[in-house]
Structure formats: C-alpha cells, structure tokens
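Structure assessment
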Amino acid sequence: LVWERLAALAARPSFWRTAAGSLGRIFGGFALGAAAGTLLAVITSALSWADWLFRPMVKVIRAVPVASFIVLVLLWASTGRVPAIVSGLMVLPVLWGNVCKGISQTDGQLLEAARAYRFGRWKTLRLVYVPSVLPYFASGCATGLGLAWKAGVAAEVLCQPRLAIGTQVYRAKITLSTGELFAWTFVIILLSAGFEKLFLLLLDCVTRAVTGEVPQC
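This section reports on the structure supplied with the text. (Residues numbered from 1 in each chain as written. Predicted model: local features only at pLDDT ≥ 70, side-chain atom pairs only at ≥ 80, totals over all residues. Heavy atoms only, no water.)

1. Notes on the environment of Thr178
Under the convention used in this document: Elements are defined by DSSP. Helices are runs of H or I of four residues or more, strands are runs of E of two residues or more, and each kind is numbered from the N terminus.
Within the secondary structure layout, Thr178 lies in helix α9 (residues 178–210). A sequence separation of 173 residues divides Thr178 from Arg5, and the C-alpha atoms of the two residues are 9.8 Å apart.

2. Comments concerning the pattern of salt bridges
Inclusion rule: Note on definitions: salt bridges are taken to be side-chain nitrogens of Lys or Arg within 4 Å of carboxyl oxygens of Asp or Glu. Note on classification: 1.4 Å probe, protein chains only; a residue is buried when its accessible area is under 20% of the maximum for its type, exposed when over 50%, partly exposed between these limits.
Under the counting rule described, the total for this entry stands at four salt bridges. Among the ionic pairs, Glu180 bridges to Arg5, the shortest N-O distance being 2.9 Å. Of this pair, Glu180 sits in helix α9 while Arg5 sits in helix α1 (residues 2–10); the two residues are 175 residues apart in sequence, bridging distant segments of the chain. The class of Arg5 is partly exposed, set by a relative accessible area of 26%. In this structure, Arg25 and Glu156 form a salt bridge, with 3.4 Å as the shortest nitrogen-oxygen distance. Here the residue Arg25 occupies a position in helix α2 (residues 13–46), and Glu156 occupies one in helix α7 (residues 121–159), the gap between them amounting to 131 residues. Residue class for Arg25 comes out buried when judged on its relative accessible area of 17%. A residue is classified by how much of its surface remains accessible, and Glu156, at 0% relative accessible area, is buried.

Okay, structure coming up:
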C-alpha cells in the first residue's frame, strides 16, 4: 500500500515541486546555521570576551525546545521562512561546539613548527587548522543535517507553507491517509540520507583540494 501510494505521488509534478521546496528550505537553513556556527566558533576561540558573551546565548539556543522556537519565529517571520530559520538555529550550536573542540584540539607542536618555518596565516590555516578541525566539522554536519530535517519538517507541519513535505504530512494526518503519511515519511528519510551522503562527499573533495591532496570524488 505504501509503495503504491508513493508511486502514485511520484507521478504528479506537484510531488517533485513539494520535495524541492522542502529541500531548498532545509538546505538553506542548514547552510546558514553551519556558516554561523563555524564563524562563531572561530571568533569565540580567538577572543575571550566573545566567548564570555556568546557562550550563554548558544547554550540557550541548545536548551530551548524546537516547538517553542517554531512558535516564536512564527511571530516575526513569514510561514515560508520559518522552517529555514528554525533549521539554522538547531544546527548552529552543534557546529559551534564541534568546531570549537576541533580548534582547541589542534596540535600545539604543529603550530610551533608553522611559526618556526614562518608560515603565513593562510598556509597555517590550510595545513594545520583545516586538517585538525575537519573531522569535528564533518561530524557536526552529519549530526546537524539530521536535526535540520527534523526541525524543518516539524516547522512545516505547524506553519504549513505551500509546496512543503510537512504540509502534506499534516494533511495526510487529518484525512487519516495512513499510506500517504508513510509515503511522505519515507521521502523525508530518503532525502535526508541522500543529501547527507552527497554533502559529506562534496565536503571531503573540497577539503582535499584545499589541503593539496588529490580529490577522490
């Protein structure tokens, strides 16, 4: 029943527009949250006053339930933007924590060698910090992508924007269409897993290019 319903949904042009709409919102939110979390980690690791200022804010974001964020953001933003904003807020603390840990775990002897050989800032960043931080960043991205999908679809269920998987999940629920509900759930799992694999592969290729290794993508 579920596979038949999924095949019937996939035959409609609106199905692909709906999947693309949710993918765009959630990817946009993830990218925004990852960039903000990484930048904030660099700033708080370099400046003690920034760490004192921003660390409590990040902890508050991490502690507030997703449903509360959805309702609060809905008061200030349009329904189409709420899923992206909420996804970004869920990703930000994860990337901040992981990148901060990666920076703090950078080998001091490598930094000493970089200073001894008079490496510039870019060369030190490329050859010392990037290889050290990358595993933590990749781990944060893998976790953040899952959170982004969960939070983004939950926001779509509550906000019901046009062409959104969460909207279709809600409609399937109120019409008691169990087959359609499971079909859309399977689509969420498929998009989340596929996008995560593709993104991490791309991240590995970019990192190899930055550090001077031969990309294997």
